[in-house]
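One-letter residues, chain by chain:
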Amino acid sequence: MNIYRPRSPIFIIAYKEICDSSRNRWLAFMGCMFLLLSLSVSFAGSAVTGSLYLPELDSLMSSLSTISVFIIPLAAILLCYDSFVGEEESGTLLLLLSYPLTRSQIIFGKLLGHITVMLVATGFAFGLTAALLLLVGEQYHSGELVMAFAQFLLSSNLLALTFILLSYIVSLKCTEKAKAIGCLLLLWFLFVLIYDLLLLTLLVSDFSFVNQLLINVLIAMSPTDLYRAINLVAIEGEGANSLAMIASTDWGLSAMYLLFLLWIVVLTFISHRIFKGKPL
């Protein structure tokens, strides 16, 4: 039987990364983890109130994004932290560079493979959740629910792509896998917890120097807060919850998606330059 094998070097490397993730059960693990997360929030999130019911769509998407902002970056980090330092330690990176491959092909091949793994895992989990909600949730309008989950899936994978690239940069700069995972967990802690807490503190404060321009700049400086803002603006998040104040930014969805793409372009350029100048 003839089995298709990709011929482009980029697709060959991407295919190899996807096969590695499937072989070590990482793809299945992430898919099940995201599925458990989305099903718990969708069907059991109301249990804390003493009764079970399906939440309103805006409340559901807000809850999903609030939890996913912690889980998705962490999953991307654990997937990619040893992409370069691990292969350098084992000697396979030097072997790979002995083939007629450019460093650009290697890095873009890995990037394509890893984002495909994240896309399959999140697409399976959140897509299945949306399908189940369509079947049992009579109060949901099918078009609105599909659009909400499609937007959520897009923003989630942009967030994953950002942290994949951050993982590449750290993996290229570190000489040991233990140092790489330690540095990346510190970055995760700073972006997801510390920076977020500082931003929310400024939002609820009455400091005279806090204005809309400063809020916009601070949101743009963090991919996790861009992710929060995109999902809150998309559902027109309002209310007393301090997290919803992030939606007060006067940027539209298009501008925030462009900022996310700018993050990705800049991080791709940095990782490529580091890899290109890295002696082996």
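This report concerns the structure included in the present document. No experiment lies behind these values; they were computed from the predicted model shown.

### Notes on the overall build of the chain
Then step 1. Within the chain one finds 11 helices and 0 strands.
Then step 2. Secondary structure elements in the chain, listed N-terminal to C-terminal, are α-α-α-α-α-α-α-α-α-α-α.
Then step 3. Buried residues in the chain amount to 46% of all 280 residues.
Then step 4. Of all intrachain contacts in the chain linking residues separated by at least 6 positions in sequence, the fraction that spans at least 24 positions is 80%.
Then step 5. Summed over its atoms, the accessible surface of the chain is roughly 14,100 Å², and 69% of this surface lies on carbon and sulfur atoms.

### As for the nonpolar core
Then step 1. Ranked by internal contacts, the top residues of the largest apolar core, which has 80 residues, are Met 30, Met 61, Met 118 and Phe 149.
Then step 2. Per element, the largest residue contribution to this core is 16 residues, and it comes from helix H7 (residues 142-173).
Then step 3. Setting aside residues no more than four positions away along its own chain, Met 118 makes contact with Met 30, Phe 34, Ile 72, Ala 75, Ala 76, Leu 79, Asn 157, Ala 160 and Ile 164.

### Points about the pattern of salt bridges
Side chains that carry opposite charge are capable of pairing whenever their charged atoms lie near each other.
Then step 1. Within this structure, the stated rule accounts for 7 salt bridges.
Then step 2. Its salt-bridge partner being Asp 20, residue Lys 16 comes within 3.1 Å of it at the nearest N-O pair. Taken together, the positions of Lys 16 and Asp 20, both in helix H1 (residues 9-23) and 4 residues apart, correspond to about one turn of that helix.
Then step 3. Looking at Lys 16, the relative accessible area reads 38%, which means it is partly exposed.
Then step 4. One salt bridge in this structure joins Asp 20 and Arg 23, with 2.7 Å as the shortest N-O distance. Taken together, the residues Asp 20 and Arg 23, both in helix H1 and 3 residues apart, mark about one turn of the helix.
Then step 5. In this structure Asp 20 comes out as partly exposed when scored by relative accessible area, which is 23%.
Then step 6. Residue class for Arg 23 comes out exposed when judged on its relative accessible area of 57%.
Then step 7. Salt bridges sharing partners connect three or more residues here, namely Lys 16, Glu 17, Asp 20, Arg 23, Glu 87 and Lys 110.

### Points about the environment of Phe 189
Then step 1. Inspection of the secondary structure puts Phe 189 in helix H8 (residues 177-204).
Then step 2. For the pair Phe 189 and Leu 74, spaced 115 residues apart in the sequence, the C-alpha separation amounts to 9.6 Å.

### Quick word on the packing of helix H6 (residues 103-136) against H7
Then step 1. Where H6 contacts H7, the axes come no closer than 9 Å and their chain directions differ by 155 degrees. By the angle between their axes, H6 is roughly antiparallel relative to H7. Along this stretch, H6 crosses H7, giving a crossing that reads as right-handed.

### A word on a nonpolar patch on the surface
Then step 1. Residues Leu 186, Phe 189, Leu 190, Leu 193, Ile 194 and Leu 198 make up a contiguous nonpolar surface patch of about 500 Å² in total accessible area.
Then step 2. Residue placement: Leu 186 occurs in helix H8.

### Describing the packing of H6 against helix H11 (residues 253-276)
Then step 1. Contact geometry of H6 with H11 gives a least axis separation of 10 Å together with a crossing angle of 135 degrees. When the interaxial angle is binned, H6 and H11 end up oblique. The crossing of H6 and H11 is right-handed. Residue-level contacts link Arg 103, Ser 104, Ile 106, Ile 107 and Phe 108 of H6 to Thr 268, Ser 271, His 272, Phe 275 and Lys 276 of H11.
Then step 2. Of the residues contributing to the contact of H6 with H11, the split by class is 4 nonpolar, 4 polar and 2 charged.

### Thoughts on the packing of aromatic side chains
Given two aromatic rings, their pairing is described by the distance between the two centres and the angle made by the two planes.
Then step 1. Inspection of every chain in the model, using the stated rule, returns 8 aromatic pairs.
Then step 2. Measuring from centroid to centroid gives 6.2 Å for Phe 191 and Trp 263, while their planes differ by 80 degrees, and the two rings are edge-to-face. Linking Phe 191 in helix H8 with Trp 263 in helix H11, this pair joins segments that are 72 residues apart in sequence.
Then step 3. Taking relative accessible area as the criterion, Phe 191 reaches 14% and is therefore assigned buried.

### A word on the environment of Ser 155
Then step 1. Topologically, Ser 155 is positioned in helix H7.
Then step 2. Look at Ser 155 and you get buried, because its relative accessible area is 0%.
Then step 3. Considering only alpha carbons, one finds Ser 155 and Leu 226, 71 residues apart in sequence, at a separation of 9.2 Å.
Then step 4. With residues up to four places along the chain from it excluded, the contact list for Ser 155 reads Tyr 227, Ile 230, Asn 231, Tyr 257 and Phe 260.
Then step 5. Of note is the side chain of Ser 155, whose polar atom sits 3.3 Å from the side chain of Asn 231.

Thresholds applied
Residues numbered from 1 in each chain as written. Predicted model: local features only at pLDDT ≥ 70, side-chain atom pairs only at ≥ 80, totals over all residues. Heavy atoms only, no water. Helix = DSSP H or I, 4+ residues; strand = E, 2+ residues; numbered from the N terminus. Buried < 20%, exposed > 50% of the residue type's maximum accessible area, 1.4 Å probe, protein only. Contact = heavy atoms within 4.5 Å. Areas by Shrake-Rupley, 256 points an atom, 1.4 Å probe, with all protein chains shown as cover. Core = buried A, V, L, I, M, F, W, Y, C linked by side-chain atoms within 4.5 Å. Salt bridge = Lys/Arg side-chain N within 4 Å of Asp/Glu carboxyl O. Axes fitted to C-alpha atoms, helices over the stretch in contact; angles between N-to-C directions. Parallel < 35°, antiparallel > 145°, perpendicular 65-115°, else oblique. Left-handed = near helix turned anticlockwise from the far one by under 90°. Patch = residues over 30% accessible without salt bridge, like charges linked within 9 Å, V, L, I, M, F, W, Y side chains within 5 Å. Nonpolar A, V, L, I, M, F, W, Y, C, P; charged D, E, K, R; others polar. Phe/Tyr/Trp six-rings, centres within 6.5 Å; stacked < 30°, edge-to-face > 60°. Polar contact = N/O pair within 3.5 Å; in protein donor to acceptor, adjacent residues only side chain to side chain.

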